Amino acid sequence: MKGRVLSRREVIGLVAIAAALLALPFVLASVGTAWVRITNFAVLFVLLSLGLNIVVGFAGLLDLGYIAFYAVGAYTYALLASPHFNVHLPFWVILPIGAGLACTAGVILGAPTLRLRGDYLAIVTLGFGEIVRIFMNNLSNPVNITNGPKGITLIDPFRIGDFSFSARSELFGLTFSGPIKYYYLLLVVLLCVIVINLRLQDSRIGRAWVAIREDEIAAKAAGINTRNIKLLAFAMGASFGGIAGGMFSAIQAFVSPESFILNESIMVLAMVVLGGMGNIWGVIAGALLLSFMPEVLRYSVEPMQKALFGRMLVDPEVLRMLIFGFALVLTMRFRPAGLWPETRHRREMSENRR
Amino acid sequence: MNGLAAQAGARSGTPESRVLSGQPSLVGETLLEARDIGKRFGGVQALKAVSLTIRRGEIYGLIGPNGAGKTTLFNVFTGLYPRDSGEVIFAGQSLRLESPHIVAAAGIARTFQNIRLFGNMTARENVMVGRHVRTRCGVFGAILRTAGQRAEERAIRGRADDLLRYVGIADRADSLARHLSYGDQRRLEIARALASEPQLLALDEPAAGMNATETAALRTLIEGLRADGLTILLIEHDVKLVLGLCDRVAVLDYGEKIAEDVPEVVRADPRVIEAYLGTGTH
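Owing to the predicted nature of the structure, the values given are computational and were not obtained by experimental measurement. Residue positions are counted from 1 within each chain, in the order its sequence is given. Each chain gets a letter, beginning with A, and each ligand a number, beginning with 1, in the order they are written. The model is predicted, so local features are restricted to residues of pLDDT at least 70 and side-chain atom pairs to those at 80 or more, both for listing and for counting; the totals for chains, interfaces and linings are taken over all residues. The basis for every side-chain value is the complete set of non-hydrogen atoms in the structure, without hydrogens or water.

Peer 1: Describe in detail the overall build of chain A, supporting the description with residues and values.
Peer 2: Runs of E in the DSSP output that reach at least two residues are strands. Runs of H or I that reach at least four are helices, and both are numbered from the N terminus. Of the regular secondary structure elements, chain A holds 13 helices and six strands. Its C-alpha atoms give chain A principal-axis dimensions of roughly 55 × 55 × 50 Å. When burial is assessed residue by residue, chain A has 50% of its 354 residues classed as buried. It only takes one pair of heavy atoms within 4.5 Å for two residues to be counted as in contact. For chain A, restricting intrachain contacts to residue pairs at least 6 apart in sequence, the fraction spanning at least 24 positions comes to 72%. Surface accessibility of chain A: about 16900 Å² in total, with carbon and sulfur atoms responsible for 67%. For chain A, the separation between the mean place of its 30 positive charges and that of its 20 negative charges on side chains is 6 Å. Per-residue accessibility, obtained with a 1.4 Å probe over protein chains only, is compared with the maximum for each type, and a residue is labelled buried under 20%, exposed over 50%, and partly exposed between these values. With residues, only the protein chains shown are counted as cover, and all accessible areas are computed by Shrake-Rupley using a 1.4 Å probe. The charge count includes Lys and Arg as positive and Asp and Glu as negative, but it does not include His or the ends of the chains. We put the charge of a Lys on NZ, of an Arg on CZ, of an Asp on CG and of a Glu on CD.

Here it is, written out as C-alpha cells:
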C-alpha cells in the first residue's frame, strides 16, 4: 500500500520485461505476421479475462454470458465506424460509448439477478449471453441494424488524423505493419487495465467485492450495500469487455454474431479459472496459455505427425479440444485454485513455512 | 491471550485508547426501544409482540431456551429478516430495518452465532471491511489513487490495526482469518463489528464453544467495551456468564418475553424457572 522503492533487481527485471515486450512483435513478424495477429487476439483475451475476473474472481459471481459485453462493444464500434450506416466516428469517441453501453448492459443483467447465486446465476447469465447473440443475428428485419448473420464488414481501423493503425508505416528505419501498431496500442490498453485492476483490488471497493465472495451475509452485516457493490462488479467487468470488443472490431475489420457464441464465454471463464481466480497475474497467464496453445498445436501437430507417422492421423482441431479438456481436468484435480492462485492463498503457504 | 485481554481492559478509558465511539456522557438514556416486534415463519409465530428497552452503557442480556426466538429477534434488529409488525426506535429515531447496511450505518453492529469471517482475507483486511460503512471512496478514487483516497486508506488501515490491538490479536494481523484459533476468530469478529463505530454491539452467543479460560478473557473484553461507553446486547446460553455480566436480562420463551429485569430478580422469577426446567407437575 505504501509507496515502496523498487530494488535494483526488480528495476532490472522490469526493464528486461519491457524491452522484451517492445521487441516481441518484430521477433514474431520475422517468423510470420500471422503470429503478431495471434498475439493481438491473445491480448484481447487477456483484456476479457481481466474484466471477467472482476465479476467471477473478485466478487464471486459466476457469469457464463460474459462474451455478450464483448459483443456489445464490438457491434457499437462496427455500427459507428463502417459503411453500414455510413457513420465514421473516431475511435476515441466510440470506445467510451461502447464501454458505456456494455456497462449499461451489465447493470441490466445484474439488476434482476442480484438475488441469485452460483448455478442459478450461471444459468441466467448464460441465457443473457445467448439473447444478445440472437439479437445480433436477427436485428436485420424489418429495419436492418446489425445486418444479421452476414455481419458487418469494412469496419474502419483506428485512426488518429492521418495515422491509421491498419496501414504500414516506416518509423526510425523500422517497418511497422498494421498488426504491429495494434500490438503496441493493445499493450498500452492492457497496461492501463492491469493498473486499474491492481488499484481496484487494493481498495475499499475491492475489499467489499472479496467480502461478498467470502460471505455475503457477513458482508451485509458489516455494512456493505451488497446490491450496489455487486452491480458495480457487473458494470466494471462489462465495461472492460466493451472496450475489448471495440478493439476486436477494429482489428478484425469484420464482426458477425458467430464471434460471440457461448463457447467464447466458456473459453474466457476457463482462462480465469485455469489461471487462478482472483489473481490478476494468474488470469493473464491463463489467458495467454489458452490463447496460444491452440495456435501452437495448429502449427506443430501436423508436421510432427507427418514426421512421426508419415501421414496425418489426428486432426489438430480434434486434438485441441482433447488436450484442452485434459488440461482443465488435470488443473482441477491437482490445482483446484488455478495454476497461479490468488496471493492470499500464496501468502498462506509462506505463512505455513514460517 | 488472557493477558492481552486484561491489558485491553486496563487500557480502556485512557484518552489515547479511545478507539471506540461510545458516548459515556449519555449513559442511562434509552438507546434502543423495540415495540411489539412480531415475526412469523410459515405457521410458526417466532416472535409475539416483543417489546424491550436497552439503555446506553448497559450490557443487556437476552436468554431463553433453544428455539425461543433470540436469534430471530437479533436478525430482525440487524435487518437480516424483515419483520411482520412493530417498530424499533434507535438513538431517538425510527430505525429503517429494510437492509443490514442501513442498520450498520445507523450504529448497530453484530457478530454471528457461528462465526462468519471472510476466511481468505487477513485479519487486518477483515477489520478494514468493517470500515466500509464509515468511508466513502469509490471506483474513480481507487483507480486514480487520489490524495483523498490514499489518506482514507491509511486511516482505514490505522484504525484496523488499533482495533486488532484493542481486542488483543495485533500479532495475527497478517494471518488469514481462517487460520486463527477459535477464540481469536471470535475476537476478530468483534473487532470487525467495532470498526463500523457502532453505538450498540450485538453479540450472538460469543462464548459458544469456548473453554473456561477463553470465556473469562471474553468477559474481560466485554467489560472493557462497556467501560469505553459501548452498549452491548448479548445473547448467551452460558447462563452463569449472562447473569454475572449483564446489567439487565430479558428472557424469551416461545417468542414471548416472559421476564425483563436485573439478573437477581430474573433468576428468581418462577416463569423463568418454569421455562428452563419445566413445571414438574406432569
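Peer 1: Outline the interface of chain A and chain B, listing residues and values.
Peer 2: In this complex, chain A contributes 33 residues to the contact, which on the side of chain B involves 39 residues. For the pairing of chain A and chain B, the buried interface totals around 3200 Å² over both sides, and the portion due to carbon and sulfur atoms is 61%. A pair is scored as a salt bridge if a Lys or Arg side-chain nitrogen falls within 4 Å of a carboxyl oxygen belonging to Asp or Glu. Remark: the boundary between chain A and chain B carries two salt bridges. With its nearest N and O atoms 3.0 Å apart, the salt bridge here joins Glu153 of chain B to Arg207 of chain A. By the criterion applied in these results, polar contacts are pairs of N or O atoms within 3.5 Å in which, for protein atoms, one can donate a hydrogen and the other can accept it, and in which residues neighboring in sequence qualify only through two side-chain atoms. Joining chain A to chain B, the criterion identifies nine residue pairs in polar contact (both at pLDDT 80 or more). Where the side of chain A that touches chain B is concerned, the elements lending two or more residues are α6 (178-201), α7 (204-214), α8 (216-221), α9 (226-252) and α13 (343-353) of chain A. Looking at the side of chain A that touches chain B, the element that brings in the most residues is α7 of chain A, giving seven residues. Taken together, the residues of the side of chain A that touches chain B break down into 17 nonpolar, five polar and 11 charged. Values labelled buried area give the accessible surface lost by two parts on being combined, using a 1.4 Å probe and summing over both. Classification used: nonpolar for Ala, Val, Leu, Ile, Met, Phe, Trp, Tyr, Cys and Pro, charged for Asp, Glu, Lys and Arg, polar for all others including Gly.

Peer 1: Describe in detail the pattern of salt bridges, supporting the description with residues and values.
Peer 2: All names here are of chain B. Scanning the entire structure with this criterion turns up 21 salt bridges over all chains. For Arg35, the salt bridge is made with Glu33, and the minimal N-O distance between the two is 3.3 Å. Classification of Arg35 by relative accessible area gives partly exposed; the value is 34%. On the basis of relative accessible area, Glu33 is assigned to the partly exposed category, the value being 26%. In this structure, Arg124 and Asp174 form a salt bridge, with 2.7 Å as the shortest nitrogen-oxygen distance. Separated by 50 residues along the polypeptide, Arg124 in helix α4 (residues 123-130) and Asp174 in the loop between α6 (147-167) and α7 (182-194) bring together distant segments of the chain. Its relative accessible area of 12% is what places Arg124 among the buried residues. Judged by relative accessible area, which is 47%, Asp174 ranks as partly exposed. Counted as one network, the salt bridges with shared partners bring together Glu58, Arg248, Lys257 and Glu260.

Peer 1: Please set out the environment of Val107 of chain A residue by residue, giving values where relevant.
Peer 2: All names here are of chain A. Secondary-structure assignment places Val107 in helix α4 (residues 91-113). C-alpha separation for the pair Val107 and Ala42, spaced 65 residues apart in sequence, amounts to 27 Å. If we skip the residues at most four places from it in the chain, Val107 touches Pro112, Leu231 and Ala235.

Peer 1: Residue-level account of unusual backbone geometry, with values.
Peer 2: The omega angle of the peptide bond from Asn141 of chain A to Pro142 of chain A is -10 degrees, so this bond is cis rather than trans. Checked against the element boundaries, Pro142 of chain A lands in the loop between α5 (118-138) and β3 (159-160). Even without glycine at this site, Asn86 of chain A takes up a positive phi of about 55 degrees. Here Asn86 of chain A lies in the loop between β1 (81-82) and β2 (87-88). For Asp36 of chain B, which is not glycine, the phi torsion reads 50 degrees and is therefore positive. By secondary structure assignment, the location of Asp36 of chain B is in strand β1 (residues 30-41).

Peer 1: Please provide a residue-by-residue account of α6 of chain A, values included.
Peer 2: With 24 residues, α6 of chain A ought to run about 34 Å at 1.5 Å a step, and its terminal C-alpha atoms sit 34 Å apart, in line with that. Extensive coverage of α6 of chain A is indicated by the burial of 17 of its 24 residues. One less than the number of residues in a helix, times 1.5 Å, gives the span that helix is expected to have.

These results come straight from atomic positions and should not be treated as a statement about function.
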